[in-house]
Amino acid sequence: MLKRISLKNYLTIKNLEVSFEEGLNILTGETGAGKSLVLGAIEVFTQKRFPKELKKIDSEDLEIEINIQDGKKNILLKRVVDKKYQSIFYIDELKVKFEKISEIFDEFFLFFGQKSASKLLLQKNHINYFDQYIMISDSLISLNNLYTVYDSVKKDLDKQKKLLKELEEKEEFYRFKLKELNKLEIESDEQELEILAKLKKNNSMKKNNEDISEVVSKIDNLLLKEIYQLSRKIVKIDAISFLDEKISDASTYLEEVSYELSKLLNTFENFDEDFDALEDKIYISKELRRKYGLTLDKLIEERTLIQSALDNSSNLEDEIISLEKKLKLAYDQLYAESLNLSEKRKKFSGSFSLKIQKHLKDMGIKNCSWVVSFREKDISSDGIDDLEFLFSSTIELPPDSLNKVASGGEASRILLALSLELSKSFNSKVVIFDEPDVGLGGAIAEKLGQKIFNLSSNVQVICISHLPQVASFAKNHLLVEKTLNKEQSISINSLSRSGRIDEIARMLSGEVLEEEAYSLAKKMIK
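Residues numbered from 1 in each chain as written. Predicted model: local features only at pLDDT ≥ 70, side-chain atom pairs only at ≥ 80, totals over all residues. Heavy atoms only, no water.

Undergrad: Looking at this structure, how should I read the overall build of the protein?
TA: Regarding its fold elements, the protein presents 15 helices and 15 strands. Counting only residues that meet the buried cut, the protein has 43% of its 526 residues in that class. Restricting the contact set of the protein to residue pairs at least 6 apart, pairs at least 24 apart contribute 68%. Roughly 29800 Å² of accessible area belongs to the protein as shown, and the carbon and sulfur atoms make up 51% of that amount. Computing the positive centroid from 80 side-chain charges and the negative centroid from 90, the protein places the two 7 Å apart. (Helix = DSSP H or I, 4+ residues; strand = E, 2+ residues; numbered from the N terminus. Buried < 20%, exposed > 50% of the residue type's maximum accessible area, 1.4 Å probe, protein only. Contact = heavy atoms within 4.5 Å. Areas by Shrake-Rupley, 256 points an atom, 1.4 Å probe, with all protein chains shown as cover. Lys, Arg positive; Asp, Glu negative; His and termini not counted. Charge placed at Lys NZ, Arg CZ, Asp CG, Glu CD.)

Undergrad: Help me understand the sheet that holds strand S13 (residues 460–464), please; the structure alone is not making it clear to me.
TA: Pairing is mixed in the open sheet, where 6 strands are placed in the order S8-S12-S13-S3-S14-S15. At either margin of the open sheet sits one strand with a lone partner, and together these are strand S8 (109–112) and strand S15 (490–494). Put simply, the sheet's adjacent strands are angled 15° from each other on average, direction ignored. Bridge count for strand S3 (residues 24–28) against S13 is 4 bridges, and the pairing is parallel. (Pairing = 2+ DSSP bridges. Axes fitted to C-alpha atoms, helices over the stretch in contact; angles between N-to-C directions.)

Undergrad: Just checking my understanding: could you explain the pattern of salt bridges for this structure?
TA: When charged atoms on two side chains of opposite charge get close, those side chains can pair. Under the counting rule described, the total for this entry stands at 27 salt bridges. Among the salt bridges present, the one from Lys 298 reaches Glu 301, with a minimum N-O distance of 3.7 Å. One end of the pair, Lys 298, and the other, Glu 301, are both in helix H8 (residues 296–311), 3 residues apart, so they sit about a helical turn from each other. On the basis of relative accessible area, Lys 298 is assigned to the partly exposed category, the value being 45%. A relative accessible area of 40% means that Glu 301 is categorised as partly exposed. One salt bridge connects Arg 375 with Glu 388, and the closest N-O pair in it is separated by 3.3 Å. With Arg 375 in strand S9 (residues 369–380) and Glu 388 in strand S10 (residues 383–392), the pair connects residues that are 13 residues apart, well separated along the chain. Each member of the salt-bridge network shares a partner with another, and the members are Arg 4, Glu 17, Glu 63, Glu 65 and Lys 78. (Salt bridge = Lys/Arg side-chain N within 4 Å of Asp/Glu carboxyl O.)

Undergrad: How do you make sense of the environment of Leu 415 when you look at a structure like this?
TA: Within the secondary structure layout, Leu 415 lies in helix H11 (residues 408–423). Separated by 55 residues in the primary sequence, Leu 415 and Leu 360 have C-alpha atoms spaced 9.9 Å apart.

Undergrad: Would you take a moment to explain the side chain of Asp 131 for this structure?
TA: Within the secondary structure layout, Asp 131 lies in helix H3 (residues 123–134). Assessed through its relative accessible area of 5%, Asp 131 is described here as buried. In terms of polar contacts, Asp 131 uses its side chain to reach the side chain of Arg 345, at 2.8 Å. In contact with Asp 131, not counting residues within four places along its chain, are Ile 136, Leu 140 and Arg 345. (Polar contact = N/O pair within 3.5 Å; in protein donor to acceptor, adjacent residues only side chain to side chain.)

Undergrad: Where do I start with the side chain of Arg 303 in this structure?
TA: Mapped onto the fold, Arg 303 is located in helix H8. In this structure Arg 303 comes out as buried when scored by relative accessible area, which is 13%.

Undergrad: Would you mind going over the confidence of the model for the protein with me for this structure?
TA: Atom-level detail of predicted coordinates should not be read off regions where pLDDT is low. Counting all residues, the mean pLDDT for the protein is 85, and 94% of those residues have values of 70 or more. At the level of individual helices and strands, the protein shows its lowest average pLDDT in H11, which scores 75, and its highest in S9, which scores 95. (pLDDT = per-residue confidence, 0-100.)

Undergrad: Could you clarify how one ought to interpret the environment of Gly 439 in this entry?
TA: In this fold, Gly 439 is placed in the loop between strand S12 (430–434) and helix H12 (442–455). The exposed category is assigned to Gly 439, whose relative accessible area is 64%. As a C-alpha pair, Gly 439 and Arg 413 span 26 residues in sequence and 8.5 Å in three-dimensional space.

Undergrad: Just checking my understanding: could you explain the packing of H3 against helix H9 (residues 313–362) for this structure?
TA: When two helices pack together, their arrangement is given by the angle between the helix axes and the distance between those axes. Two elements in contact, H3 and H9, have axes whose closest approach is 10 Å; the angle formed by their N-to-C orientations is 90°. With respect to their mutual orientation, H3 and H9 come out roughly perpendicular. Listed contacts from H9 to Ile 127, Phe 130, Asp 131, Tyr 133 and Ile 134 of H3 are Lys 344, Arg 345, Phe 348, Ser 349, Phe 352 and Lys 355. Along the lines of polarity and charge, the residues of the contact of H3 with H9 split into 6 nonpolar, 1 polar and 4 charged. (Parallel < 35°, antiparallel > 145°, perpendicular 65-115°, else oblique. Nonpolar A, V, L, I, M, F, W, Y, C, P; charged D, E, K, R; others polar.)

Undergrad: Can you help me understand the packing of aromatic side chains in this one?
TA: The description of an aromatic ring pair rests on the distance of the ring centres and on the angle between the ring planes. A full pass over the atoms with the stated rule returns 15 aromatic pairs. Taking 6.0 Å as the distance between ring centres and 45° as the angle between the ring planes, the aromatic pair formed by Phe 173 and Tyr 174 counts as tilted. Judged by its relative accessible area of 43%, Phe 173 is partly exposed. Three or more aromatic residues joined by ring pairs form one cluster here, namely Phe 130, Tyr 133, Phe 352, Trp 370, Phe 389 and Phe 391. Directly above the ring of Tyr 85 sits Lys 52, whose terminal nitrogen or CZ lies 5.3 Å from the centroid. The aromatic ring of Tyr 85 is capped on one face by Lys 55, whose charged end is 5.1 Å from the ring centroid. (Phe/Tyr/Trp six-rings, centres within 6.5 Å; stacked < 30°, edge-to-face > 60°. Lys NZ or Arg CZ within 6 Å of the ring centre and 35° of its normal.)

Right, dumping it as structure tokens:
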């Protein structure tokens, strides 16, 4: 049960602490006193993003503490919203993730407010509520497991069929592409770098050869010829004829240089590699990468995939036949379980409808009818039932969708009837009603109070009410009032019997309390 809630820096509240008891807790007070503000703090606790407008002072942390008693065990939940509007969650002073908080709230709390209860009117939620009511969680788990198998096989089959179709449509293109990719003779970036290094070295050697050949050519064709002509002239001049021998030595030296350089030319030649072929490999690699916009690794991967697809085209057909057999088996099992679940739902639908009709008749819709409608839909994780709640307020008209036929007042009572009946089968230990009596009054309001009181015999109920007929059933009556206190703009106090008489008398007569209201209030308090 919910023992206590503490608020700090929340909206207009500086500090506030409220305690609750087992059974039926009812909050009353004048309009605008802040009744929904407190219960709203419980609901907003579970929102992942905390609304900024709820923080009273930006420069201070906001804190919400919720104390839960589960048997003999106490659980303290805490949410702190810091100056940067970041939320930190705690369980018993230990920091936890939001998901853990969410799990605890799903286990302990069930909200029926004007906003949250409106979800009951949406058809998409009806099957979930009804399944919770008839308590078939084991059947749903079994069905969900079967659907998971069926869906997995179906996805595999669809994938294989898509591959086969693409292969058939693009076989010619794939074969052309594979032919191009098979020209690729480089298998890795490392191999390509190695080839580029060889080509660079070869180009360097070719340049050396060219330079040496040029030197040898100039020695042989220019220098030696010039020296020979010079020697002939020197011999004819007696005064310098003695230099002829030196010129002859120079000629011999240059011939030796030419010879040595010529020998070097052979050492620079590399006849073991086909460098033209290596350049072709690099060219093809670059062109294919440019054409397909892929890296070398991806080109090789693409070639492997295409080759595999072409090789396995016949295997794909065999795989599809096998998967189709598996899918039929999975579908048959799933459909059989779905039929079984559908029968269970239909079995309970009549008694559920009678209970809802009784609630509605007790609340003044005397000639109403309520039907749980079943239509078969495509199979899914929740079976084959397209389930919807249908309603009519009169015997003259057939039941129809809630959002089509229910007036505002009727919708409020339908929500309350569903809330009362469904809350019995939810595992929550705390059921919260936010103004369930809107639009009701008189004897109907008293019947509502009795229904909520009966519910509180099994679970703790916290309810905001404007009606004395409902408030008179409270085990713990909490009065919400505005204050001028700077620390807390509202006060919430548990009323004694005399205090309850005063409050119910006020609710009966308004601001001016009359003696008759006091007398009636004394009689009304249960």
